[in-house]
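# Reading the structure
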Amino acid sequence: MAVINRTPDSFFDHGTTYELGAALAAADRAVADGADILDIGGVRAGPGEYVSAAEEIRRVAGLVAAVRAQHPDVVISVDTWRAEVGRAVARAGADLLNDAWGGADPALARVAASYGLGLVCSHAGGLAPRTRPHRPAYADVMAEVRGYVTAEAERAVAAGVRPDGIVIDPAHDFGKNTWQSLQLTRRTGDLVATGWPVLVAVSNKDFVGETLDLPVQERAEGTLAALAVCAWEGARLFRVHDVPAARDALAAVAALRASEEVAALRPTGVAGGGAGAAGVAGGGAGAAGVAGSGAGAAGTAGTMGSGRPRR
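## Things to note about the overall build of the chain
What the chain contains, in helices and strands, is 11 helices and 10 strands. Across the chain, the fraction of contacts at a sequence separation of at least 24, relative to all contacts at a separation of at least 6, is 74%.

Right under this line is the structure:
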């Protein structure tokens, strides 16, 4: 899942892909590099200038339509928490609504159901969108996250979202500090065991930077390490900024998981290396399902997260 930010103030690219032409070019590069999903966002996750729903729609809906026209087979995801935006991008050809804010707008699930879209169910610790956590505390962060995202998934099914279109995301950084995000990374298998496909968004995030004491532009190696752990634990979808590097890391993990030497180490019920199926099919203009694998999707691209919301 490649990140395409149509924002002037992204934490990672600082607006490099804000202009429509630049965003389209980034989408073209990501597809050429092997991305199966493009995740388009129009609002910075962290605090910043207020962006209205109308402005968010202006930024993302036209881009979704243009990407759909150029890449009819790619899965198009839109990173939004707003139902109003969800409706607009569904009409433009989106396949998946990536709600990083834990169901802040309950109507978003109904939009996904109405248009046959997939939905990402995440945990943000009860934070309002675009806010940072202040001393988040959990008796057991994985138990909290697992309980919340599975309940959100069940609510989505009850609202009419097709079960094979639901993905869960622990949302590293969102409502969590570095220690908690590290815990979620090493215990990804606990989420995999729920049976729902797991998305991880860890790319260049603060928990990686704080762990290694590195700025945003120097977190590539830490990102790949966290990505590999999540893949080994069975995550299916990986939200990343660097698609070629992520694909190489995932291919290595898939090969290791498939080797006889490590076969005995596989968690019970977690499929190994090859190209399994993670059913994030698209309702939009014809995108097929997203290929995945229990070993971390030998054909998908990846990501990480912690401390502050980074998207």
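## Quick word on the sheet that holds strand β1 (residues 2-5)
With parallel pairing, six strands are arranged side by side in an open sheet as β1-β2-β3-β4-β5-β6. The sheet terminates laterally at β1 and β6 (166-169), the two strands that pair on one side only. When strand polarity is set aside, the average angle formed by the axes of neighbouring strands in this sheet is 25 degrees. Relative to strand β3 (residues 75-79), strand β2 (residues 37-41) runs parallel, the two sharing five bridges. Within the sheet, the bridge partner assigned to Ile-40 lies in β3 and is Val-78. The strands that helix α1 (residues 20-32) touches are β1 and β2; relative to β1, the one it contacts most, it runs at about 175 degrees.

## Some remarks on the packing of aromatic side chains
Scanning the entire structure with this criterion turns up one aromatic pair. Note on Trp-101 and Phe-174: the rings are 4.6 Å apart at their centroids and 65 degrees apart in plane angle, and the pair reads as edge-to-face. With Trp-101 in the loop between β4 (96-98) and α4 (107-115) and Phe-174 in the loop between β6 and α6 (178-186), this pair connects stretches of sequence that are 73 residues apart. Of the residues examined, Phe-174 reaches a relative accessible area of 0% and is grouped as buried.

## Concerning the side chain of Thr-188
Along the chain, the position of Thr-188 falls in helix α7 (residues 188-192). Discounting chain neighbours no more than four positions away, the residues touching Thr-188 are Met-142, Val-198, Cys-230, Glu-233 and Ala-235.

## Here's the deal with empty space enclosed by the protein
Under the criterion given, the structure shown has one cavity of 30 Å³ or more. Approximately 60 Å³ is the volume found for the largest cavity. Split into classes, the residues belonging to the lining of the largest cavity amount to five nonpolar, one polar and four charged.

## Here we look at the layout of surface pockets
Taken as a whole, the largest pocket encloses approximately 270 Å³ of empty space. Along its surface, the largest pocket is lined by 16 residues, and Val-3, Ile-4, Ala-26, Arg-29 and His-241 are the ones closest to its centre. Only β1, α1 and α10 (243-258) provide two or more residues apiece to the lining of the largest pocket. Counting residues per element, the lining of the largest pocket draws most heavily on β1, at four residues.

The rules behind each value
Residues numbered from 1 in each chain as written. Predicted model: local features only at pLDDT ≥ 70, side-chain atom pairs only at ≥ 80, totals over all residues. Heavy atoms only, no water. Helix = DSSP H or I, 4+ residues; strand = E, 2+ residues; numbered from the N terminus. Contact = heavy atoms within 4.5 Å. Pairing = 2+ DSSP bridges. Axes fitted to C-alpha atoms, helices over the stretch in contact; angles between N-to-C directions. Phe/Tyr/Trp six-rings, centres within 6.5 Å; stacked < 30°, edge-to-face > 60°. Buried < 20%, exposed > 50% of the residue type's maximum accessible area, 1.4 Å probe, protein only. 1 Å grid on protein atoms, 1.4 Å probe; cavity = no way out; pocket = protein on both sides within 12 Å on 5 of 7 lines; lining within 4 Å. Points joined across faces, edges and corners; volume = space filled by probe spheres on them. Nonpolar A, V, L, I, M, F, W, Y, C, P; charged D, E, K, R; others polar.

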